[in-house]
Amino acid sequence: MKINFFNETSLETKNYEKLIRRVFKKQKNKKIFSIIFVDDDKIQEINRDYRKLDRVTDVISFALCDDPENELTDELGDVFIDLSQAFRQASEYGHSIDREGAFLAVHGYLHLCGYDHMTKEEEGIMFQKQEEILALAKITR
């Protein structure tokens with residue numbers, strides 16, 4: 001799996017990039033996706049413009065294709081992660097920023113792969129898959 005990283009914040013992100021690459025190292029998917037680190041203002045703008053929710057959020061995904069198995073493209077899409085929100089959530093949930101950053105990357109990636117959590121059943125499937133990926137990388141709560 002290939003991940004392209006873009007940093008649109010004033011924060012240093014190299015350690016998060018290294019961590020996220022490690023998380024996805026054991027995934028067999030041969031697709032490409034991008035992770036864009038953004039700040040509160042940018043994620044709120046994206047959330048407002050595309051989801052009609054005028055508030056800060058932690059992660060937003062944009063799939064390039066509705067069918068992640070589409071063989072016409074190797075690219076899955078983009079995952080926007082708000083690192084400031086990740087720091088706040090890590091503190092709130094009582095775990096490390098590494099765990100929160102990895103979780104958000106996996107969560108966004110799974111959305112690109114067609115997973116969702118609109119119903120309890122979908123949520124159970126998606127959240128189980130998240131924990132499996134994080135456990136393979138030895139990232140726990």
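Preceding this section is the structure that the text describes.
Now for a quick tour of the structure. (Residues numbered from 1 in each chain as written. Predicted model: local features only at pLDDT ≥ 70, side-chain atom pairs only at ≥ 80, totals over all residues. Heavy atoms only, no water.)

**Looking at the pattern of salt bridges**
Here is the rule: The salt bridge criterion pairs a side-chain nitrogen of Lys or Arg with a carboxyl oxygen of Asp or Glu, the two atoms within 4 Å. With a 1.4 Å probe rolled over the protein chains alone, any residue whose accessible area is under 20% of its type maximum counts as buried; one over 50% counts as exposed, and the rest are partly exposed. The numbering of helices and of strands both runs from the N terminus, where a helix is a DSSP run of H or I of at least 4 residues and a strand a run of E of at least 2.
Under the defined criterion, the tally for this structure stands at 6 salt bridges. With a shortest N-O distance of 3.1 Å, Asp 49 and Arg 48 are connected by a salt bridge. Taking relative accessible area as the criterion, Asp 49 reaches 37% and is therefore assigned partly exposed. Assessed through its relative accessible area of 37%, Arg 48 is described here as partly exposed. The partner of Arg 99 in a salt bridge is Glu 131, and the shortest N-O contact between them spans 3.0 Å. A residue pair is termed long-range when its members are at least 10 positions apart, and Arg 99 in helix H4 (residues 97-112) and Glu 131 in helix H5 (residues 120-136) qualify at 32 residues. On the basis of relative accessibility, which here comes to 30%, the residue Glu 131 falls in the partly exposed class.

**Points about the nonpolar core**
Spelled out, the test is: Throughout, nonpolar core names a set of buried Ala, Val, Leu, Ile, Met, Phe, Trp, Tyr and Cys residues whose side chains join them through atoms within 4.5 Å. When checking whether two residues touch, look at their non-hydrogen atoms; a contact exists if any pair is within 4.5 Å.
Of all hydrophobic cores here, the largest spans 32 residues; its most connected members are Val 23, Phe 24, Phe 33, Ile 35 and Ile 81. Counting only elements with at least two residues in this core, the list comes to strand S1 (2-7), helix H1 (14-24), strand S2 (32-38), strand S4 (75-82), helix H3 (83-93), H4 and H5. Setting aside its immediate chain neighbours within four residues, Val 23 contacts Ala 102, Val 106, Ile 133, Leu 134, Ala 137 and Ile 139. Grouped together as the second largest cluster of nonpolar side chains are 6 residues, Val 38, Ile 43, Ile 60 and Phe 80 included.

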